[in-house]
Amino acid sequence: MERVSHSVEAELEQHRRSRLQIVVNATGIVLHTNLGRAPLHPEVAQEMAFAASTYGNVELDLVSGTRGGRASYLEHHLALLCQAEAATVVNNCAAALVLIVKHFVSAGQEVLISRGELVQIGGGFRIGEIVAAAGARLREVGSTNQTYLEDYEGAIGPDSALILTVHRSNFFMDGFVDSPRLAPLAQLARRKKLPLVADLGSGALGKFAEISSSPEPTPQEALKCGADLVCFSGDKLFGGPQAGLIAGRARMIKSLKREPIFRALRCDKLRLVALQGTVDLHLRDQSSQVPALQMMQISKDELRARAAVLFDRLRGLPLRMSVGRASGKTGGGTLPRALIPSITIDIVPEFGTLENFSDTLRAHGPPIIGYISGGSYKLDLRTVFPFQDDILVDAIRSACAAGAN
């Protein structure tokens with residue numbers, strides 16, 4: 001009976017801890033997919049809280065008092081940000097691609113894509129499978145490492161409906177590698193009267209040259225080079241909520257919004273508010289205040305100073321501690337070449353195992369998510385907000401008290 005009771009208690013505890021809750025991200029991975037990717041700016045989060053607790057003009061024109069367009073302010077400002085004729089949003093980037101293919105490609109028609117861009121995204125989903133799910137046939141062009149403009153031209157036939165380029169945002173290829181630039185590909189697409197769509201994935205609006213040797217393509221550049229439409233994620237380097245952002249030619253955006261499946265993929269009011277606030281930050285040249293981007297820019301000196309304070313506050317506990325160095329990651333399938341030097345607090349408890357110590361911190365309220373490496377438990381301060389330092393100290397003290405018992 002006692003064994004059954006313990007089993008039930010364990011299952012209840014596991015169920016309770018599966019509830020969505022705030023955690024402290026001490027992994028050093030800024031856009032950690034398992035932890036919700038980009039955190040929102042506090043003012044944006046506050047706007048979401050207000051929107052959630054009351055009514056809003058989601059589809060009401062406050063000037064005429066009649067039904068208005070959904071997200072018209074957001075779409076207008078997103079278009080300005082991307083230097084596009086028009087823009088719209090759906091619930092994630094995969095949904096954006098499904099919508100685009102579903103609308104512009106009839107059943108059995110072909111989408112042309114380079115073999116070197118058949119990307120697998122999170123959860124095991126692959127670009128080819130997403131395109132097929134939208135009812136199109138995939139026409140692979142070139143080879144894994146070498147694709148030329150003439151490969152696209154030779155592949156275009158009577159069943160061709162769309163040319164798709166996909167940014168390799170979660171991996172890189174080096175060595176004997178080649179692919180055509182976007183501008184000549186756009187000229188070919190126009191000559192053949194095919195839409196050219198660029199899936200940029202990571203949603204970068206800047207180059208990130210200070211942390212990555214490989215520049216990121218931006219929506220502005222892709223559209224300037226001649227892409228008809230671009231799509232990208234909202235919760236990666238853009239720094240907003242999960243969403244699929246689409247920008248490009250006005251007539252194409254307008255026709256996408258008339259596609260019946262668009263309603264099934266549209267965003268709710270909370271996501272629209274979060275996107276609206278994040279777009280405004282970028283338009284006001286306040287990108288550095290977007291939390292994910294801010295985390296990438298924190299200096300090692302600032303992190304080292306915080307580590308010293310935390311180290312002093314934890315003295316006297318049954319722990320062997322040191323201040324270490326680490327290389328943080330952007331995460332979320334972005335900037336695979338990025339190196340972000342960081343500072344860690346490395347802990348070896350004088351009781352129990354590292355695994356038990358990690359489990360105890362993960363059971364804290366809120367949970368602390370660090371990692372074990374090199375024979376110590378590490379807390380990377382780059383992804384810990386300064387206001388969470390007190391939480392770290394309380395959690396470690398509690399873990400030591402539990403270990404002593």
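Residues numbered from 1 in each chain as written. Predicted model: local features only at pLDDT ≥ 70, side-chain atom pairs only at ≥ 80, totals over all residues. Heavy atoms only, no water.

## Considerations on the pairing of strand 7 (residues 229-233)
Next, step 1: Within strand 7, 5 of the 5 residues are buried, which leaves the element mostly enclosed by the surrounding structure.
Next, step 2: Both faces of strand 7 are covered, namely the face carrying Leu 229, Cys 231 and Ser 233 and the face carrying Val 230 and Phe 232.
Next, step 3: For strand 6 (residues 196-201) and strand 7, the ladder comprises 4 bridges, and the chain directions are parallel. Paired with Asp 199 across the strands is Cys 231, a residue of strand 7.
Next, step 4: Note that the unit made of strand 6, helix 8 (residues 219-224) and strand 7 has a crossover that is right-handed.
Next, step 5: Direction of pairing for strand 7 relative to strand 8 (residues 244-248): antiparallel, over a ladder of 5 bridges. Across the sheet, residue Phe 232 finds its bridge partner in strand 8, namely Leu 245. (Buried < 20%, exposed > 50% of the residue type's maximum accessible area, 1.4 Å probe, protein only. Helix = DSSP H or I, 4+ residues; strand = E, 2+ residues; numbered from the N terminus. Pairing = 2+ DSSP bridges. Right-handed = clockwise from strand over helix to strand, strands pointing away.)

## Observations regarding the packing of aromatic side chains
For any pair of aromatic rings, the description rests on two quantities: the centre-to-centre distance and the angle between the ring planes.
Next, step 1: What the rule picks out here adds up to 4 aromatic pairs.
Next, step 2: Taking 6.3 Å as the distance between ring centres and 65° as the angle between the ring planes, the aromatic pair formed by Phe 351 and Phe 357 counts as edge-to-face.
Next, step 3: Residue classification places Phe 351 among the buried residues on the basis of a relative accessible area of 17%.
Next, step 4: For Phe 357, a relative accessible area of 2% translates into the label buried.
Next, step 5: Here the aromatic cluster, defined as three or more aromatic residues joined through ring pairs, consists of Phe 351, Phe 357 and Tyr 377. (Phe/Tyr/Trp six-rings, centres within 6.5 Å; stacked < 30°, edge-to-face > 60°.)

## Overview of helix 11 (residues 269-283)
Next, step 1: Taking 1.5 Å per residue as the helical rise, helix 11 with its 15 residues ought to reach 21 Å, and the 21 Å between its terminal C-alpha atoms agrees with that figure.
Next, step 2: Here helix 11 has its buried residues at Leu 272, Val 273, Ala 274, Leu 275, Gly 277, Thr 278, Val 279, Asp 280, Leu 281 and His 282.
Next, step 3: Taken together, the buried residues of helix 11 touch helix 2 (42-53), helix 3 (72-82), strand 2 (86-90), strand 8 and helix 12 (291-297).
Next, step 4: One or two residues past the end of helix 11 sits Asp 285, with phi positive at roughly 55°. (Expected span 1.5 Å × (residues − 1). Contact = heavy atoms within 4.5 Å.)

## Digging into helix 4 (residues 93-104)
Next, step 1: Its 12 residues place the ends of helix 4 17 Å apart at the C-alpha level, agreeing with the 16 Å of an ideal helix rising 1.5 Å per residue.
Next, step 2: The backbone nitrogen of Ala 94 has a side-chain oxygen 3.3 Å away, supplied by the residue at the start of helix 4, namely Asn 92. (Polar contact = N/O pair within 3.5 Å; in protein donor to acceptor, adjacent residues only side chain to side chain.)

## Section: the nonpolar core
Next, step 1: Counting residues in hydrophobic clusters, the biggest one holds 37 residues, and the most contacted among them are Val 89, Ile 163, Val 230 and Leu 245.
Next, step 2: Discounting chain neighbours no more than four positions away, the residues touching Val 230 are Ala 198, Leu 200, Pro 219, Ala 222, Leu 223, Leu 245, Ile 246 and Ala 247. (Core = buried A, V, L, I, M, F, W, Y, C linked by side-chain atoms within 4.5 Å.)

## Overview of the pattern of salt bridges
Next, step 1: Under the criterion given, the structure shown has 18 salt bridges.
Next, step 2: In this structure, Asp 159 engages Arg 137 in a salt bridge whose closest nitrogen and oxygen atoms are separated by 3.3 Å. Linking Asp 159 in the loop between helix 6 (149-155) and strand 5 (160-166) with Arg 137 in strand 4 (residues 137-141), this pair joins segments that are 22 residues apart in sequence.
Next, step 3: Here Arg 313 makes a salt bridge to Asp 390, at a shortest N to O gap of 2.8 Å. Of this pair, Arg 313 sits in helix 13 (residues 300-313) while Asp 390 sits in helix 15 (residues 389-404), and the two are 77 residues apart along the sequence.
Next, step 4: The class for Arg 313 is partly exposed, based on a relative accessible area of 32%. (Salt bridge = Lys/Arg side-chain N within 4 Å of Asp/Glu carboxyl O.)

These figures capture arrangement, not role.
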